[in-house]
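# Structural characterization, general
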Amino acid sequence: MVAHVRFGTHTESLHSNRAHRAHDALAARETRSPRVALYSQGMVGFGHIRRNASIAQALRRSALQPSVVMIAEAWQAGSLLLPEGVDCMTLPALRREADGGYNPRFLPDLSDRDLIALRTRVIRSAMEVFEPDLLIVDHLPRGVAGELTSTLESLKKRASTRCVLGLRDVLYDPETVRSTWANQSNLNAIRQYYDAVWIYGDPAVFDPVREYGLVDAVGTKVRYTGYLDQRARLEFAKAEAGPVLQSVPPGKLALCVVGGGHDGRALAEAFLQADLPTHTTGVLVTGPLMPWEERRRVRRRAERRPRFQVLDFVPDSTPLVQRADRIIFMGGYNTVCEALSFEKHALIVPRVDPEPEQWIRAQRMRDLGLVDVLHPRDLNDGALTEWLARDLGPSPHTRGRVDLGGLTRIPTLAADLLRSAVSEEPLPA
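Quick notes on the rules
- Residues numbered from 1 in each chain as written.
- Predicted model: local features only at pLDDT ≥ 70, side-chain atom pairs only at ≥ 80, totals over all residues.
- Heavy atoms only, no water.
- Pairing = 2+ DSSP bridges.
- Helix = DSSP H or I, 4+ residues; strand = E, 2+ residues; numbered from the N terminus.
- Contact = heavy atoms within 4.5 Å.
- Axes fitted to C-alpha atoms, helices over the stretch in contact; angles between N-to-C directions.
- pLDDT = per-residue confidence, 0-100.
- Salt bridge = Lys/Arg side-chain N within 4 Å of Asp/Glu carboxyl O.
- Buried < 20%, exposed > 50% of the residue type's maximum accessible area, 1.4 Å probe, protein only.

## Considering the sheet that holds strand β13 (residues 326-329)
- Spatial ordering of the open sheet is given by β12-β11-β10-β13-β14-β15, a layout of six strands whose pairing is parallel. What marks the edges here is a single partner per strand, and that holds for β12 (308-311) and β15 (372-373).
- Looking at chain direction, β13 and strand β14 (residues 345-348) are connected through four bridges and run parallel. Following the sheet pairing, Phe329 is matched in β14 by Ile348.
- Against the sheet, helix α11 (residues 265-273) engages β10 (252-257), β11 (280-285), β12 and β13, with an angle of about 165° to β11.
- Across the sheet, helix α12 (residues 292-303) touches β11 and β12, and the angle it forms with β12 is around 160°.

## Side note on the confidence of the model for the chain
- Residues of the chain with pLDDT of at least 70 account for 89%, and the chain-wide mean is 87.
- Of the regions scoring below 50 in pLDDT, residues 1-15 engages in zero contacts with residues more than four places distant in sequence or in other chains.
- For the stretch residues 17-23, pLDDT sits under 50, and the model shows seven contacts to residues farther than four places along the chain or on other chains.

## Side note on the pattern of salt bridges
- All told, the structure shown has 27 salt bridges when counted by the stated rule.
- Residue Asp316 pairs with Arg50 through a salt bridge whose shortest N-O separation is 3.8 Å. Of the two residues, Asp316 is situated in the loop between β12 and α13 (318-323) and Arg50 in helix α2 (residues 47-61); the sequence distance between them amounts to 266 residues. Comparing Asp316 with Arg50 shows no difference in burial state: the two are buried.
- Linking Arg390 and Glu386 is a salt bridge whose minimum nitrogen-to-oxygen distance equals 2.9 Å.
- Note on Arg390: relative accessible area 33%, which makes it partly exposed.
- For Glu386, a relative accessible area of 42% corresponds to the partly exposed category.
- Salt bridges sharing partners connect three or more residues here, namely Arg50, Arg233, Asp316 and Glu338.

Set out below in structure tokens:
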């Protein structure tokens, strides 16, 4: 009996101490700004990190005002202007090969396995120190080659971190999604580690849950944010793009962007051979991944066409899109968002092979009457000349037809998750 009394007293004291520690932990979290980490896997182009940069900016402009760490490859992270309160934790760079494998982009003496191991350790160490309240992962549930798995397991044990998987509207074609992206390990990761799946699109345009058959796997966690209105990016991009904009003569501007540029040569060359309407300047952005020989060839073509300019790389093309009268591009998610945001006359010449993501997106936008589409098999300078000369009428009216409220909605979704994490804070052991 005495032992029982002593045990009971000790238990009451233990619970009291745990309650005090829990209260102190909650109080500490309530007195500091939330902490948000955003993961971009890198490998190809700037699409993923530009999407996350827009989200980081929206979160910083909201009432949350979190401290934000972006996890990204150094060559990408250092190219974007970011708001105060946002910093980057950089990873050594990978290059995705045509066969789906990975190789170091800048460290040829390291194997792909060693580089993934290095990236894995860097991410986990950074998250253990930063202790994010919210982790937003772009596109890959487990990261490249599973490099996020140990971090997700650690954050799950911590229990106070909410994890979100962020997805663009169109991933791949349905067969590829079901056979590759929606494999069992990825679906298990979504079920086990993620509190929500944010789809940066409008289901009235394309509903990935229904079209990919993901209802049972992720349906209850999905929130459609709407597309990401890019007009707010002008706050940071205009200063950097100022000299570029000043170099464009007065008059109309036809802008051609080819994404990262690794497969943009055909569109770039066709654009430079097209005939421009009177009083129109043509500007081509080749992208950072266009091979050097192709870039040099493109520049030589432009030198023979005095009304054309070629830019090797523009980290944020938003100011150019705003300035342009017409844009021609390949159909990546971010450029589509820019065309919709500024209600521009746009011609998409999408990539169709090996990944038809851009072709699917382009067709949906065309069916809504928001863009024109040219299949790459029909691409030539004559087709571009004809489109540039055509009377397209008034600018397309996007708002009211496509949901562009993503960057307004995301801070509210984030705040809801953060509140749920505080209310469910476990007692410290």
